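# Descriptive analysis of the structure
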Amino acid sequence: MARIVILTGAGISAESGIRTFRASDGLWEEHRIEDVATPEGFARNPALVHRFYNQRRAAATAAEPNAAHRALARLEAAGAHQVLIVTQNVDDLHERAGSQNLIHMHGTLNGALCAACGHRWSAPAEMNKTQFCPACGKPATRPDIVWFGEMPYRMEEIWTALRAADLFVSIGTSGNVYPAAGFVADAMHAGVPTLELNLEPSQGTRMFDEARHGPATQVVPAWVDEMLCA
Ligand code: APR
């Protein structure tokens, strides 16, 4: 049974109507990273940050998984391969498509985190700075999202799986943000074959053994069909 580690980014959810970050109509065209995606920005203006993530949470709730999400769930469910999805995305479209073995390395929109005691609980649809932590009672509620300058989640598990993989696949990510952007080099150094599935060449495209470019809803199901026929 081949062990496949699949990294996904905003591009896999683009055709579900969720905006990416660095496209011409991307989120970072309208919002300053410093204001909405750093602990310092949250300390300066928590209301602005909550408004940003409340809008994203509403957009994710209104969206539906697409053929690319469903194809990856199908690959896992077939049971012929050991599939681990490591997603940079904070939406829950992989779960709603049926994927089980999943790591949200940048957190989730559906999670709330207490900035005072570290307690986690399910996020309300609308989060604001007056909400109290159900554990310590402090008004220190923040989205359970990994911001710039913070360490992504479950990195030891991810690196261990990457080094032990038989194949590393990167889907819908531009390769701008580390440590995820470094996974292809980590895989390469561990002698793991690598494949890029993306709308266009990513920053690290030259490091991949193979790259296929096109919309995720086309290139991902086609690749999964190949894997299930192989
Ligand atoms: N199908 C496949 N790929 C697509 C599609 C599509 N329909 N639409 C866009 N893409 C590709 C783009 O070509 C681009 O390479 O998806 C990538 C999206 O890149 P970014 O917007 O940079 O998003 P991502 O790589 O996920 O960002 C990484 O940066 O902003 C932070 O924490 C945030 O997790 C995010 C991280």
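Since this is a predicted model, take the numbers as computed values, not measurements.

One pass over the full model with this rule turns up 12 salt bridges. The residue R3 makes a salt bridge to D166 at a minimum N-O spacing of 3.2 Å. In this pair, R3 is assigned in strand β1 (residues 2–8) and D166 in the loop between α8 (155–163) and β7 (167–171), connecting sequence segments 163 residues apart. Overall, the relative accessible area of 34% leaves D166 in the partly exposed class. Ionic pairing is found between R32 and D35, a salt bridge with its closest N-O pair at 3.0 Å. Salt bridges sharing partners connect three or more residues here, namely R32, D35 and R44.

A few words now on helix α6 (residues 67–78). With 12 residues, α6 ought to run about 16 Å at 1.5 Å a step, and its terminal C-alpha atoms sit 16 Å apart, in line with that. Considered for burial, the residues of α6 that qualify are A68, H69, A71, L72, A73, L75 and E76. Looking at the buried side of α6, the elements it contacts are β1, α1 (11–14), β2 (81–87), α7 (93–97), β7 and α10 (216–229). Sitting at the amino-terminal end of α6 is N66, which places a side-chain oxygen 2.8 Å from the backbone nitrogen of A68. Count one or two residues on from α6 and you reach G79, which has phi positive near 80 degrees.

Strand order in this open sheet of 3 strands is β5-β4-β6, and the pairing throughout is antiparallel. Two strands bound the open sheet, and with one partner strand each, they are β5 (120–122) and β6 (141–145). Neighbour-to-neighbour, the strand axes of the sheet open up by a mean angle of 45 degrees, direction not taken into account. Of the pairings in the sheet, the one linking strand β4 (residues 107–114) to β5 comprises 3 bridges and is antiparallel in character. Residue pairing for β5: L113 is matched across the bridge by R120. Together, β4 and β6 form the strand contacts of helix α5 (residues 46–62), whose direction differs from that of β6 by roughly 50 degrees.

So, about the pairing of β7. β7 sits mainly inside the fold: 5 of its 5 residues count as buried. Of the two faces of β7, the one holding L167, V169 and I171 and the one holding F168 and S170 are both buried throughout. Relative to β7, β1 runs parallel, the two sharing 5 bridges. By the bridge assignment, I6 is partnered in β7 with V169. The pairing of β7 with strand β8 (residues 194–198) spans 4 bridges and is parallel. In the strand pairing of β8, F168 is matched with T194. Chirality of the crossover, the property in question, places the unit of β7, helix α9 (residues 183–189) and β8 among those that are right-handed.

The rules we used
- Residues numbered from 1 in each chain as written.
- Predicted model: local features only at pLDDT ≥ 70, side-chain atom pairs only at ≥ 80, totals over all residues.
- Heavy atoms only, no water.
- Salt bridge = Lys/Arg side-chain N within 4 Å of Asp/Glu carboxyl O.
- Helix = DSSP H or I, 4+ residues; strand = E, 2+ residues; numbered from the N terminus.
- Buried < 20%, exposed > 50% of the residue type's maximum accessible area, 1.4 Å probe, protein only.
- Expected span 1.5 Å × (residues − 1).
- Contact = heavy atoms within 4.5 Å.
- Polar contact = N/O pair within 3.5 Å; in protein donor to acceptor, adjacent residues only side chain to side chain.
- Pairing = 2+ DSSP bridges.
- Axes fitted to C-alpha atoms, helices over the stretch in contact; angles between N-to-C directions.
- Right-handed = clockwise from strand over helix to strand, strands pointing away.

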